[in-house]
Structure formats: C-alpha cells, structure tokens
Amino acid sequence: MLICVADVLSKSDVADFRRIMDAADWEDGRSTAGAQSALVKKNQQLPPDSDVSRALGRRVLSALTGSPRFISAAIPLQIFPPLFNRYAANDGHHFGIHVDNAVRGDHLTGLRIRTDLSVTLFLSEPEEYDGGELVIEDNYGSHDIKLEAGSLVLYPASSLHMVTPVTSGMRVASFFWLQSMIRDAHARSMIFDLDSAIQSLVERLGRDDPETVKLTGIYHNLIRYWADV
Ligand code: NI
C-alpha cells in the first residue's frame, strides 16, 4: 500500500532546508547503496554522518512525530536517521530499478532495523524539475509519484522501485526507512483503514459515542495482538 502524507514540512521549513543543503558538501550517492543498487544508482547525497545531515534528519524526525497520519500509517518502532539526496539533470542523475536492503545499521548510533517501509520526503516542488518520478511497482501495477515539497510517500521497502532520469532542473529529497511495530503489511494496512474510519466517526459522532469507544478499543486491541515492541 502506498500512502501519501501532505505538508509534513511547511514551505518555510522546506526553504530553510534547501538553503542549508545548498551550502553543504555533497558526495556520490553510492556510498550507502547495496551491491546491486550501486550498479544502477547515480545521484548525490549529503554524507550520512555529517553534522548537517544529522541536524536536518532530527528536524525531519520531529516533524514526523507531529503527523498523526504518518504515525497511523507507519506505526513506527524505529526510524532510521533520514538521508538526503539530489538528482541533477546536467549530470544525468537517476536511480534504476532496485529493492532496498532488508536490514540497515547506523554505526554512529548503533541502531539496526528491519526495513519494513521506505519513505521519500520531497524537498523540491514538482515544477522545479522534469522527470525524477519515483516509480513504485506493486501487485496493482506501476505508480509514478511526484509530490509537492514538504509531502512524503510511504511504501513497502520490499517493492521494486526507481527514480526516472531528471531531464531538467534539480530533484531534492530526504529518504529513510523504518521498522514498524506491525511487521505484516496486510495487518498494518487494515489497522490504518480502521483508524481512518474511527477518525471520521469521531468527527461525526464525537469521541465519547459508545460505538466509537468500542471501535477505538478494538483498534488498540489489534495493535496489542500484532505489535512487536
Ligand atoms: Ni531505494
């Protein structure tokens, strides 16, 4: 299931990120790629251990914790420190079809996670570049994703995906992985749908409506049943 979350970062935050990133040093994106993806990856990224990458990453994490839709969709247990990349048209940047590594370790913090979900947080407006679609393949076909700056997409890390060549302008993004408390994607999807329905009911009937209370209980009991924490 692909889930988009709009306006995780405000436009002024995005502008601040871009100003800081423009002034930073960049490196070849292959430094964090696995053996197969290194063959098809051509972009640049902020060095993952750099102060600027870590500081911006902490700001992304704090924005995520303030996003009920993100939390509801991901039910995160651990979020990998966010990384930052860019694709420039002049350098023929793109990222061919690949699957992300199943396990990611961060040697600075000692964090090690199973990558259940991949996330791309767009930091360029769609008008700033041509090409650069995130193409994700799932059982329903192939999906082209290009969101407004400040918005993100969550998708199963098990999906084949790619970034098409940027043919003009520059595509800037943050990307990261997370381990969900709910390992099973199907169970996680049902919990998300249930939560979305409950939120609609709460708006119509109020939080203290007896059926709403009962459904909220079922929501928590399903998480209790399925969660690994
Ligand atoms: Ni990837």
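Model, not experiment: these values are computed from the prediction. (Residues numbered from 1 in each chain as written. Predicted model: local features only at pLDDT ≥ 70, side-chain atom pairs only at ≥ 80, totals over all residues. Heavy atoms only, no water.)

Looking now at the overall build of the protein chain. The number of helices and strands found in the protein chain is six helices and 16 strands. Over its C-alpha atoms the protein chain spans a radius of gyration of 18 Å, differing by no more than 12% from the 17 Å that the globule rule assigns to 229 residues. With the C-alpha coordinates aligned to their principal axes, the bounding extent of the protein chain is approximately 60 × 35 × 35 Å. Split into buried and exposed, the 229 residues of the protein chain put 48% on the buried side. Taking the intrachain contacts of the protein chain between residues at least 6 apart in sequence as the baseline, contacts between residues at least 24 apart amount to 77%. Entry remark: accessible area of the protein chain is about 11,300 Å², with carbon and sulfur atoms responsible for 54%. Charged side chains in the protein chain number 22 positive and 30 negative. The centres of these two groups are separated by 4 Å. (Helix = DSSP H or I, 4+ residues; strand = E, 2+ residues; numbered from the N terminus. Rg over C-alpha atoms; globule rule 2.2 N^0.38 Å. Buried < 20%, exposed > 50% of the residue type's maximum accessible area, 1.4 Å probe, protein only. Contact = heavy atoms within 4.5 Å. Areas by Shrake-Rupley, 256 points an atom, 1.4 Å probe, with all protein chains shown as cover. Lys, Arg positive; Asp, Glu negative; His and termini not counted. Charge placed at Lys NZ, Arg CZ, Asp CG, Glu CD.)

With that settled, consider the environment of alanine 15. Following the sequence through the fold, alanine 15 ends up in helix 1 (residues 11-22). For alanine 15, a relative accessible area of 47% translates into the label partly exposed. Taking the C-alpha atoms as reference points, alanine 15 and alanine 149, separated by 134 residues in sequence, lie 9.4 Å from one another.

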